[in-house]
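# Structure at a glance
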Amino acid sequence: MALKIRLRRMGRKKAPHYRIVVAESSMPRDGRFVAKVGHYNPTTTPATLVVDRDKAIQWMAKGAMPTETVQSLFKKAGVFNAEPGAVAQAAEAVTGTAKKAAKAVSGVAAAAAGAVASAASAVAEAASSVVETVTERVSGGSDESAEPAAPTASADDAVAVEAEATEPTAEATAPAGAEDAPATDAPVATDAEATEPAADEQA
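Residues numbered from 1 in each chain as written. Predicted model: local features only at pLDDT ≥ 70, side-chain atom pairs only at ≥ 80, totals over all residues. Heavy atoms only, no water.

### Structural notes on the overall build of the chain
What the chain contains, in helices and strands, is four helices and five strands. When the elements of the chain are put in sequence order from the N terminus, they spell out β-β-β-β-α-β-α-α-α. With 203 residues in all, the chain has 14% of them scored as buried. Look at the contacts in the chain between residues 6 or more apart in sequence, and 39% of them connect residues 24 or more apart. Surface summary for the chain: the accessible area is close to 14,700 Å², and the carbon and sulfur share equals 59%. (Helix = DSSP H or I, 4+ residues; strand = E, 2+ residues; numbered from the N terminus. Buried < 20%, exposed > 50% of the residue type's maximum accessible area, 1.4 Å probe, protein only. Contact = heavy atoms within 4.5 Å. Areas by Shrake-Rupley, 256 points an atom, 1.4 Å probe, with all protein chains shown as cover.)

See the structure below:
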């Protein structure tokens, strides 16, 4: 809200006098005001001018801007030639206002920082839960895929089995031949022996 220090008209027609007031700039000339800092009556001789210098300085320290007419009246009243005490009071007012503003800003900053921290914590928790879920799914899938597959018979194994099946047949036929061989040799030897005495007799 913009504040102005200006004149507010009072009195009857053709006999005006004015109050020096602090009012919002949006208010009409004779409308509502915030504070009164003095009064001015130009109809008297000499003109009457009364200004509460301390109030005027305090309001100007708070940001109230005097109009050109009021500024000239303040110069006549010596408002800008204030005593050291009034200047100190105005400085204290400005310092107090600055401290209040700093406290308000720090409070808002602390609240914003707390909100950001809580939001970051919530996001971190959500991300952690998502990572855990994905990890569980991945580990479960790898365990299932790691199960041993059923052994399958290869072509080499089939050949080995067939070879083992045929080996006893060869062994079974081998002794039969061996037994037949001595049987054929024996009669031949007997015939030779039988013929030898005949040869001797002829001799």
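### A few points about the packing of aromatic side chains
Going through the model one piece at a time under the given rule, you end up with one aromatic pair. Ring centres of phenylalanine 74 and phenylalanine 80 lie 6.3 Å apart, and the angle between their planes is 65°; on these two criteria the pair is classed as edge-to-face. Looking at phenylalanine 80, the relative accessible area reads 41%, which means it is partly exposed. (Phe/Tyr/Trp six-rings, centres within 6.5 Å; stacked < 30°, edge-to-face > 60°.)

### Quick word on the environment of arginine 29
For arginine 29, the position within the fold is in the loop between β2 (15-24) and β3 (35-41). Judged by its relative accessible area of 48%, arginine 29 is partly exposed. For the pair arginine 29 and arginine 6, spaced 23 residues apart in sequence, the C-alpha to C-alpha distance is 8.2 Å. Beyond its immediate sequence surroundings of up to four residues, arginine 29 is in contact with Arg6, Leu7, Arg8 and Arg9.

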